[in-house]
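Examining the three-dimensional arrangement
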Amino acid sequence: MSRSIVRQSKFRHVFGQAVKAEQGYDDIRVSKVTWDSSFCAVNPKFLAVIVESSGGGAFLVLPLSKTGRVDKNYPLVIGHSGPVLDIDWCPHDDNILASCSEDCTAMVWQIPDHALTRPLSDPVVVLEGHSKRVGIVSWHPTARNILLTAGSDNLIIIWNVGTGEPLISMDDHPDLIYSVSWNRNGSLFCTTCKDRRLRVCDPRKREVVAERLAPHEGIRPMRAIFTRDGNIFTTGFTRMSQRELGLWDPTNFEEPIALLELDTSNGVLLPYYDPDANMVYLCGKGDSSVRYFEITEEPPYVHYLNTFSSKEPQRGMGFMPKRGVDVSKCEIARLYKLLDKKCEPITMTVPRKSDLFQDDLYPDTAGPEPAMEPEEWLDGRDEDPILVSMRQGYMPPKSRELKVVKKNVLDSRPTTRRSMSTLDTNSLPPQLLERLLEEIQNLKATVLSQEKRICDLENKLSQYTNGSA
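All residue numbers here refer to positions counted from 1 along the written sequence of the relevant chain. Selection of residues for local features in this predicted model requires a pLDDT of at least 70, selection of side-chain atom pairs for listing and counting requires 80 or more, and totals for whole chains, interfaces and linings are taken over all residues. In computing side-chain values, all of the structure's heavy atoms are included and hydrogens and water are not.

Named according to an unreviewed UniProt entry, the protein is Coronin originating from Neolamprologus brichardi.

**Brief notes about unusual backbone geometry**
The criterion, for reference: By the criteria applied, helices consist of DSSP H or I runs no shorter than four residues and strands consist of E runs no shorter than two, each listed in order from the N terminus. Relative accessible area decides the class of each residue, using a 1.4 Å probe on protein chains only: under 20% of the type maximum gives buried, over 50% gives exposed, and in between gives partly exposed.
Looking along the chain, the bond that leaves Pro299 and enters Pro300 is cis, with omega of 0 degrees. Notably, Asn278 is not glycine yet its phi reads approximately 60 degrees, a positive angle. By the element assignment, Asn278 lies in the loop between β23 (269-274) and β24 (279-284). Assessed through its relative accessible area of 4%, Asn278 is described here as buried.

**Remarks on the pairing of strand β27 (residues 316-319)**
To keep it simple, the criterion reads: Only strands that DSSP links by at least two bridges are regarded as paired with each other.
Of the two faces of β27, the one holding Gly316 and Gly318 and the one holding Met317 and Phe319 are both buried throughout. Across four bridges, β27 lies against strand β28 (residues 331-338) in antiparallel orientation. By the bridge assignment for β28, Gly318 is matched with Tyr336.

**Regarding the pairing of strand β18 (residues 207-213)**
Side-chain direction in a regular strand flips from residue to residue, so the side chains alternate between the two faces of the sheet. The pairing of strand β17 (residues 197-202) with β18 spans six bridges and is classified as antiparallel. Looking at β18, one finds that Asp202 is bridged to Glu207. Connecting β17 to the antiparallel partner β18 that follows it, the hairpin turn spans four residues, and Arg206 within it adopts a positive phi of roughly 55 degrees.

**What about the side chain of Ser101?**
Threshold: Think of a polar contact as two N or O atoms within 3.5 Å of one another; within protein, one of them needs to be a possible hydrogen donor and the other a possible acceptor, and neighboring residues in sequence only count if both atoms come from side chains. Contacts were defined at the residue level, with two residues in contact if any of their heavy atoms lie within 4.5 Å.
Looking at the secondary structure, you find Ser101 in strand β8 (residues 96-101). Only 2.9 Å separates the side chain of Ser101 from the backbone oxygen of Gly82, close enough to count as a polar contact. Filtering out sequence-adjacent residues up to four positions away, Ser101 remains in contact with His80, Gly82, Pro83, Val84, Leu85, Arg133 and Val134.

**Looking at the environment of Pro119**
Along the chain, Pro119 falls in the loop between β9 (105-110) and β10 (125-128). Taking the C-alpha atoms as reference points, Pro119 and Val77, separated by 42 residues in sequence, lie 5.8 Å from one another. The residues contacting Pro119, other than those within four sequence positions of it, are Pro75, Leu76 and Ile78.

**Looking at the sheet that holds β18**
Heads up, the condition is: Under this scheme, a helix contributes an axis fitted over its contacting stretch, all axes are lines through C-alpha atoms, and angles between N-to-C directions fall in the 0 to 180 degree range.
The strand order across the open sheet built from four strands is β15-β16-β17-β18, with neighbouring strands paired in antiparallel fashion. The open sheet terminates on both sides in strands that have one partner only, identified here as β15 (177-182) and β18. Ignoring strand direction, the axes of neighbouring strands in this sheet form an average angle of 20 degrees. Taken together, the five bridges between β15 and strand β16 (residues 189-193) define a ladder with antiparallel strand orientation. Within the sheet, the bridge partner assigned to Ser179 lies in β16 and is Thr192.

**Re the packing of aromatic side chains**
Defined as follows: Only rings of Phe, Tyr and Trp enter the pairing, Trp through its six-membered ring, and a pair is recorded when the two centres are within 6.5 Å. The plane angle decides the type: under 30 degrees is stacked, over 60 is edge-to-face, the rest tilted.
The full count for this structure, using the stated rule, is ten aromatic pairs. Relative to Phe319, the ring of Tyr281 lies with its centre 5.7 Å away and its plane at 45 degrees, an arrangement referred to as tilted. Here Phe319 lies in strand β27 and Tyr281 lies in strand β24, a separation of 38 residues in the sequence. Neither Tyr281 nor Phe319 differs from the other in exposure class; each is buried. Connected via pairs of aromatic rings, a cluster forms that spans Tyr272, Tyr281, Tyr292 and Phe319.

Next comes the structure, spelled out in structure tokens:
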């Protein structure tokens, strides 16, 4: 008598659940740009969504706690002159966000901790180097201030945003680049391209170290991401337009480790990868479901786990880094599903009866500290991410200001400060002028009193240190 053996896995019973309506984000005018980007980026502090806007490109940044209906006059980030195509939060600073646009530029923004009170239009740095629209931005996983951009000019540029300068430029792609993904330590990245090739690139050698023609035989767009083991997970289409996923060893591209047909649908499958659990979540644009799989070392290597289904089709998706999930509820992932007019968080949970911290579900995860500086990475050093424990729940550090140091001092002229004598005082109403002058006098008096207090304290300190007190 034969008996089927059930595969043992702690993630076999993971289930997805949409949060209550009041914990979502309503009245968001999600962008209608025809570009296969996720349109959404999220981290433990903020949710960012690319939105419709007239006269250029804009995106919305909300603190995660600001749930419910979003005021239609809520301030936007509005620096781009063309539609925004992609956004990505910096893994080493939860207040830094990169964006790219049809205006041929990428921009880096410093988002204040509190909610925006007025539109943000001044980026920390503007990255200009592409001759056509820029469709992809991706931060380096372990080096500080390293950002990759890919444009419709088939060019990949790697920048040091701390100086605003391009470090590396690669023109190995003859056609439109669909996706870019760094490996775990940022020594390599993989790309998919309209020429139907999957490439593995070494940016510091400026060369393609491995490539495979047509990992999926269809001509529709492909996506590829590196797994923690150094393999590459791909999504694409068969010759008969069926959606398909594959797992490949970049050191031997001849045969796939696994190849699995899914269904017949038009939407490109966007993969979101959790390196701690070795799980992949597949979200198709226009689908109303999220499929999730576990990658293991045993055949068939890619194991289907389950599907989360809802009624409305998704326009995009955001994926929370592991340090932003709720460990007290055994939540192992959280996705932010974009609908036409709102954003709906979906929690992925492992059912457990115990209230204690589950060590097996939460190994140490990548933290916010960079493992090296840009110069070290450029000189050939490789480092894995610096890990942090999830045992006490994750507490984000205080925001650090991103300082951009231009090598040419003329490029960073300070903004001109107008003196009172150059102001046209005749154009101000008398009451307002009086109030302004009075406020200036009060501020001067406050500064003087503080300076006096500092002098007194310094004198007292010097007395103590000289032994006279």
